[in-house]
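Here's the letter readout for the chains.
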Amino acid sequence: MGLLLALFGATNASAQSTVELPYSISFNSTNDVWTNIDASGNSGTPWFFNADCGSDGFCPPGSWSAIPSYCMKTSVSGANAYYVSPAFDLKKDKTYTVKVNTGRMYFTKARLSLEYGKSATDASAFTTVSDIPMAETNVQYDNSYDVNVTEDGAYYFAFHGVGTFASSSNEYVYAFSFDIAEKTGGETPDPVDPPAVDQDGTLPYDMTFDSAEKFATWTTMDNSDTPGVTWAYTASDFAGKPAAHMGTDATSATCDWLVSPKFELKEGKSYKITVDAASGPNNELNLILDYFVGSKSADNQKTIEWIGSKLPKTEGETEGEGGKVKNEWTLDANKDDVYFFAFRALNWGANGTNDAVSIYSVKIEEMAEGKPEAPVALPYEVSFEKEESVSGWTAMDRSASTASTWSWNSWGYQEYGADWNPVGDQHPCVGFSSDFNTDANDYWVSPAFALEAGKTYVAKAHTANNRSCIESGTTSFTMKLGTNRKVQGSFDKTLGTIELSTVYDRDPSTFEFSVEKAGNYYVAFHISDKTGANAYGYIFDFSLAEKKSVVEEPVATEPVANLAAAELTAEKSVALTWTNPAKDVDGKDLPADALLTVKVYEGEEVVKVFEDQAPGSEGKHVQAYTDETFVGEHNYKVVVVYKDKESEAATTSLTVKVVVDAINGVMVPADAKVSVHTLSGVAVGNNLSTLGKGTYIVRVKTADGAVKTMKIAK
């Protein structure tokens, strides 16, 4: 708001000669246009020209030459002097901008102010426009003031110096230049009172700061050492554009926020912030994009990006090559809550010259879900010895403070002995340093892995810790499994606890696990500490692979039981029966679904194979013969095959005897082979008792090889 100047004095303005605007003067040489008023009561302390360091001229640090200027010496008791401009014809319906450049030396506490009046000779006719702040010695300060007058007339401006006499040494104030011009772009509007409560914002959000009413939907937080200048709406900034503007705050260090309405954000979602902003010439004020969760306060500040003093921000700029302009940033919401976005103006020291930042528009929108992350193939193995190895891994910070989280550390881990002397070399790794005075709650999250139900997986990692983790007993270090790398609640399965150890070279932590449902999963190292001072973690490597199934050596079954052979005389056959085994040779039960192969031998010849026989089932085989092959001794064995292993053979024998009537007194030995034919040569077996009446040719071959042929009638 322009300063409304009350007018003093009764000088007839219309009768005075005035200087045309705009007007500018540099006090780098003597002049007779500006005049002095010594109001101290003892002459000799007015303003005078000084360009000599040896005579207490204004000398910047390290310089042996003075900057020419007009100055006032304030070591004389009662110093009180005005350095007065020519007259200017000002109109009540216009706004004028007065710019001054001033300085001080010797740590003076003398007060310097800019004043106005309607007389060039009467000190009592002047009133103060503003004190001119100058925080440091040997520094030139630029200050600017908007002025409105209540009636048309001729007006004088003056640098008014007043001594405080706080020191016996010489103390000086200096004037380097003065400018006055009619302000273009209209008046700076009166500030609009901020809303009583924080307004609710809806997404997508699009704000252009082109009116005081729109600016009033945001709030300000003046966090300067000495509250004073803060963010305000201006209808015309250094570029002649309406903006949310932060200007010079020459009274103190600056740390002020411009805060958005509140937004309901969801954990796991990403939000894009797009900003149109610019900085004034040679800006020295830094801009930081922050956010607050739950409530807005300086103690609840979290940073998205340090934008810097050059706006718009330029990335990748190198000498002789233009960079890429950046005006978009993203925030991954770390929990479901109310969020405020805030622009922080930061300057470590009072600066009355170059601070000027404008924000023209802000957009906030939820980002669309991208393509599902492609899983990494197994087996997977990574060493965190080099920085590029962390590609694909992300830090998920769920602490109350986001001051620190997992990151690659080139210094890495240094092992210490019992006397706290370093042992061995540093080991680059991924590390975590505790969030002091907060509840550490941080995840180091892997790429996605496609895991299958029913399979077993093995995760391994070499890790180490700080001794304080072990001694305090408050640190928890675990490996977890989750389905969403941005959502803490999805990491609901703990694979196991990682041992807290200060030993670098040791066996890895190993965890076996399986999943109930096939899908993409993430493995995370989770570190936490309720005290907020003792959570330190170091991760050197990680591997994940499917567990190799143990190939069991096949074991043979027991032999079949109850093997028996029975003669089927009429069918000229032998019936074999047995019981298949239910146990292996070690006495262990065979699986109920085991499939057995059973081989039946006569002698060494396989005569029958039975596939897919169940353990403990009954087996049977009928072996048929001809008249020539039926009589005699038959030897059988049965073998069980399971998983390519053969059981011990079970054996049995059966002798089929010749049955011949003793006709004509001829006795046939039991071991003889007998064949019977009709007179026409047709074979009819070897059992005469079963033949009808007739004449037959009987051939008997005894064991000694003798053959006897007989003609027998029945």
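Residues numbered from 1 in each chain as written. Predicted model: local features only at pLDDT ≥ 70, side-chain atom pairs only at ≥ 80, totals over all residues. Heavy atoms only, no water.

Asks: Give me the lowdown on the overall build of the protein, citing residues and values where you can.
Replies: Along the backbone of the protein there are three helices and 51 strands. Burial analysis of the protein (714 residues in total) assigns 46% to the buried set. At a minimum sequence separation of 6, the contacts of the protein that also span at least 24 residues come to 73%. Accessible surface for the protein amounts to roughly 35,200 Å². Of this, 49% is attributable to carbon and sulfur atoms. (Helix = DSSP H or I, 4+ residues; strand = E, 2+ residues; numbered from the N terminus. Buried < 20%, exposed > 50% of the residue type's maximum accessible area, 1.4 Å probe, protein only. Contact = heavy atoms within 4.5 Å. Areas by Shrake-Rupley, 256 points an atom, 1.4 Å probe, with all protein chains shown as cover.)

Asks: A description of the pairing of strand E2 (residues 23-26) should follow, citing residues and the corresponding values.
Replies: What you see with E2 is a clean split: Tyr-23 and Ile-25 sit on the buried side and Ser-24 and Ser-26 on the side with no burial. Two strands pair when backbone bridges link them, and E2 and strand E13 (residues 172-182) are joined in this way by four bridges, in the antiparallel orientation. Within E13, the position partnered with Ile-25 by the bridge is Phe-178. (Pairing = 2+ DSSP bridges.)

Asks: Account for the packing of aromatic side chains, naming residues and giving values.
Replies: For the structure on display, the rule yields 47 aromatic pairs. A ring pair is formed by Trp-406 and Phe-432, whose centres lie 5.6 Å apart and whose planes are at 45°; its orientation type is tilted. Here the residue Trp-406 occupies a position in the loop between strand E28 (394-397) and strand E29 (407-416), and Phe-432 occupies one in strand E30 (residues 422-432), the gap between them amounting to 26 residues. By relative accessible area, which is 0% here, Phe-432 ends up buried. (Phe/Tyr/Trp six-rings, centres within 6.5 Å; stacked < 30°, edge-to-face > 60°.)

Asks: Can you break down the confidence of the model for the protein residue by residue, with the values?
Replies: Confidence in the prediction for the protein averages 84 pLDDT; 88% of positions are at 70 or higher. Taken together, the stretch residues 1-15 has pLDDT below 50 and engages in 34 contacts with residues farther than four places along the chain or on a different chain. (pLDDT = per-residue confidence, 0-100.)

Asks: An account of the environment of Lys-530 is requested, with residue identities and associated values reported.
Replies: Relative to the helices and strands, Lys-530 is located in the loop between strand E38 (519-529) and strand E39 (537-539). Put simply, Lys-530 and Ser-476 are 54 residues apart on the chain and 9.2 Å apart in space, counted from C-alpha to C-alpha. Non-local contacts of Lys-530, meaning those with residues more than four positions away in its chain, are made with Asp-439 and Thr-474.

Asks: Tell me about unusual backbone geometry, residues and numbers included.
Replies: Residue Leu-21 is joined to Pro-22 through a cis peptide bond whose omega torsion reads 0°. Even without being a glycine, Asp-612 presents a positive backbone phi close to 55°. The residue Asp-612 is located in strand E44 (residues 605-613) in this model. Residue classification places Asp-612 among the exposed positions, given a relative accessible area of 52%. In this structure, Asp-644 is a non-glycine residue whose phi angle is positive, near 65°. Residue position: Asp-644 is located in the loop between strand E46 (632-642) and strand E47 (645-646).

Asks: Before we move on, can you summarise the side chain of Ser-224 with the specific residues and values?
Replies: Inspection of the secondary structure assignment puts Ser-224 in the loop between strand E15 (219-221) and strand E16 (232-234). Ser-224 sits in the buried class, given a relative accessible area of 8%. Side-chain polar atoms of Ser-224 contact the side chain of Asp-222, separated by 3.0 Å. Engagement of the side chain of Ser-224 in a polar contact is seen with the side chain of Asp-256, the distance being 3.0 Å. In this view, Ser-224 contacts Val-229, Asp-249, Ser-252, Ala-253, Thr-254, Cys-255 and Asp-256; residues no more than four positions away in its chain are not counted. (Polar contact = N/O pair within 3.5 Å; in protein donor to acceptor, adjacent residues only side chain to side chain.)

Asks: Break down the side chain of Thr-478 for me, with residues and values.
Replies: For Thr-478, the position within the fold is in strand E35 (residues 475-482). Leaving out residues up to four positions away in the same chain, Thr-478 has contacts with Thr-494, Gly-496, Thr-497, Ile-498, Ala-524, Phe-525 and His-526.

Asks: Give me the lowdown on the pairing of strand E33 (residues 457-461), citing residues and values where you can.
Replies: Summarising burial for E33: four of the five residues are buried, a large majority. Alignment of E33 against strand E37 (residues 509-513), held across five bridges, turns out to be antiparallel. Paired with Ala-461 across the two strands is Ser-509, which belongs to E37. Looking at chain direction, E33 and strand E40 (residues 541-546) are connected through four bridges and run antiparallel. In the sheet register, Tyr-457 faces E40, and the bridge partner there is Glu-546.

Asks: So what about the pattern of salt bridges? Which residues, and what values?
Replies: Counted under the stated rule, the structure contains 25 salt bridges. With a closest N to O distance of 3.2 Å, Arg-398 and Glu-267 form a salt bridge. Taken together, the residues span a long stretch of sequence, with Arg-398 in the loop between E28 and E29 and Glu-267 in the loop between strand E18 (254-265) and strand E19 (270-279) at a distance of 131 residues. We note a salt bridge from Lys-313 to Glu-305, for which the minimum N-O separation is 2.3 Å. Accessibility classification places Lys-313 together with Glu-305 in one group, the buried group. Salt bridges sharing common partners tie together Lys-269, Glu-366 and Glu-369. (Salt bridge = Lys/Arg side-chain N within 4 Å of Asp/Glu carboxyl O.)

Asks: Requested: an account of the sheet that holds strand E41 (residues 561-568), with residues and values cited.
Replies: Ordered by their spatial adjacency, three strands build an open sheet running E41-E42-E45, and the pairing between neighbours is antiparallel. For this open sheet the edge positions go to E41 and strand E45 (618-624), each flanked by a neighbour on one side alone. Each strand of the sheet is rotated relative to its neighbour by a mean of 15°, with strand direction disregarded. Examined bridge by bridge, E41 and strand E42 (residues 573-579) share six bridges and lie antiparallel to one another. Bridge pairing in E42 places Ala-566 opposite Ala-575. (Axes fitted to C-alpha atoms, helices over the stretch in contact; angles between N-to-C directions.)

Asks: Break down the nonpolar core for me, with residues and values.
Replies: Grouped together as the largest cluster of nonpolar side chains are 36 residues, with contacts concentrated most on Phe-209, Trp-231, Phe-341, Phe-343 and Ile-359. Counting residues in hydrophobic clusters, the runner-up holds 33 residues, among them Trp-34, Leu-90, Val-149 and Val-173. (Core = buried A, V, L, I, M, F, W, Y, C linked by side-chain atoms within 4.5 Å.)

Asks: So, the sheet that holds strand E34 (residues 463-465): which residues are in play, and what are the values?
Replies: Spatially, the four strands line up as an open sheet ordered E29-E30-E39-E34, and their pairing is antiparallel. With partners counted over all chains shown, the strands left at the sheet margins are E29 and E34, one partner each. With strand direction ignored, the average angle separating the axes of adjacent strands in the sheet is 45°.

Asks: So, the environment of Thr-128: which residues are in play, and what are the values?
Replies: Looking at the element boundaries, Thr-128 is found in strand E10 (residues 126-131). Sequence separation of Thr-128 and Ala-158 is 30 residues, and the distance between their C-alpha atoms is 9.3 Å. A polar atom in the side chain of Thr-128 sits 3.3 Å from the side chain of Glu-115.

Asks: Could you give an account of the environment of Trp-306, naming the residues involved and the relevant values?
Replies: Along the chain, the position of Trp-306 falls in strand E21 (residues 301-308). Take Trp-306: its relative accessible area is 41%, and that puts it in the partly exposed class. Along the primary structure Trp-306 and Asp-290 are separated by 16 residues, whereas in three dimensions their C-alpha atoms are 8.6 Å apart. A polar contact is formed between the side chain of Trp-306 and the side chain of Asn-286, at a distance of 3.4 Å.

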